[in-house]
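# Inside the fold
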Amino acid sequence: MVTIKSKKEIERMKEVCKIVAQTYETLEKEIKPGMTTYELDQIAESTMKKLGAIPAQKGYNPGIKGVPKFPASLCVSINDEIIHGIPSKKRVIQEGDVVSIDTVALKNGFHGDAARTFIVGKGSEEAKRLVEVTKQAFFEGIKYAKPGYRIGDISHAIGEYVFSKGYTVVEEFQGHGIGREMHEDPGISNYGKAGRGLRIEPGMTLAVEPMVIQGKHDILQLDDGWTIITEDGSLAAHYENTILITEKEPKVLTIL
Ligand code: MG
């Protein structure tokens, strides 16, 4: 279901999204080579709780037979891992790693969702370019996140920008509406035809999230039931924000 948020609901969305932004500020300061992805997860969880929010991904049940509940507050996906990596005490972050983090906070009944990709320490030039293009793809997409356009216009803009840089997008996962539910309609693909899909209206809150692969677009899922990796072993990056549609330009709620 697509939901149009009331003024009061928008205030709650802003509040929870600010907490997500603050959590990333902390993570960006703390992330370093030698630490485990479990430690990162602990930092995020305590930051969110201190700020009065619940880490909504922890215990998340996708409702798919055979897939376990997600056990952590963060998804941490390194290098050829694209999304949904599970934090672990055994997984040590290395110098130069491309670390994609995705998290959702819940407060007063509303969710805020964002993802960032950090290059830890001194990364390669190719990694930096990939991360930069992924971030810019989000901003290219949201140029169309306003009345007068359709969801497909956002998808088209993201895809065309990424393809023009020689990269591919993940086709099996996409952005989404967000609010009282972590995932609401509409789905927002990272590629597609312009002029298609739902008309964009003020009061919508959307999580727009390019997932970009350096090589071929094919993906695999690990036996843990969650982690999605690139089939060819190439690097991937993820960048996401929750945005609010207004009468004019969209407001990015998960950037301070
Ligand atoms: Mg997310």
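Note that the structure is predicted; figures quoted are calculated from it, not measured.

In this section: the coordination of the magnesium ion. Taken together, the protein donors to the magnesium ion comprise Asp-102 (OD), Asp-102 (OD), Asp-113 (OD) and Glu-240 (OE), at separations of 2.0 to 2.7 Å. Each donor residue of the magnesium ion lies on one chain, and together they are spaced D-x10-D-x126-E. Of this pair, Asp-102 sits in strand E4 (residues 98–107) while Asp-113 sits in strand E5 (residues 110–119); the two residues are 11 residues apart in sequence, bridging distant segments of the chain. Residues Asp-102 and Asp-113 agree in their burial class; the two are buried.

Judged by side-chain charge, Glu-171, Glu-172, Asp-218, Glu-231 and Asp-232 come together as a negatively charged surface patch. Positionally, Asp-218 belongs in the loop between strand E10 (211–213) and strand E11 (219–221).

The next point concerns the nonpolar core. In this structure, Leu-27, Ile-31, Leu-40, Ile-93, Val-99 and Ile-101 are the most contacted members of the largest nonpolar core, which totals 30 residues. At the level of secondary structure, the elements contributing two or more residues to this core comprise helix H1 (7–30), helix H2 (37–50), strand E2 (74–78), E4 and E5. The element that contributes the greatest number of residues to this core is H1, accounting for eight residues. Leaving out residues up to four positions away in the same chain, Leu-27 has contacts with Leu-40, Ile-43, Ala-44, Leu-74 and Ile-101. Among the nonpolar cores identified, the runner-up in size contains 27 residues, and Val-98, Ile-158, Tyr-161 and Met-204 belong to it.

The next point concerns unusual backbone geometry. Geometrically, the link from Asp-185 to Pro-186 is a cis peptide bond, its omega value of 0° lying close to zero. Note on placement: Pro-186 falls in strand E8 (residues 184–188). One non-glycine residue with positive phi stands out, namely His-84, at about 65°. For His-84, the position within the fold is in the loop between strand E3 (81–83) and E4. We classify His-84 as buried; its relative accessible area is 19%. We note that Asn-108 has phi near 50°; this positive angle belongs to a residue other than glycine. With respect to the helices, strands and loops of the structure, Asn-108 is situated in the loop between E4 and E5.

Cut-offs applied
Residues numbered from 1 in each chain as written. Predicted model: local features only at pLDDT ≥ 70, side-chain atom pairs only at ≥ 80, totals over all residues. Heavy atoms only, no water. Donors = N, O, S within 2.8 Å, 3.2 Å for Na, K, Ca; no water. Helix = DSSP H or I, 4+ residues; strand = E, 2+ residues; numbered from the N terminus. Buried < 20%, exposed > 50% of the residue type's maximum accessible area, 1.4 Å probe, protein only. Patch = residues over 30% accessible without salt bridge, like charges linked within 9 Å, V, L, I, M, F, W, Y side chains within 5 Å. Areas by Shrake-Rupley, 256 points an atom, 1.4 Å probe, with all protein chains shown as cover. Salt bridge = Lys/Arg side-chain N within 4 Å of Asp/Glu carboxyl O. Lys, Arg positive; Asp, Glu negative; His and termini not counted. Charge placed at Lys NZ, Arg CZ, Asp CG, Glu CD. Core = buried A, V, L, I, M, F, W, Y, C linked by side-chain atoms within 4.5 Å. Contact = heavy atoms within 4.5 Å.

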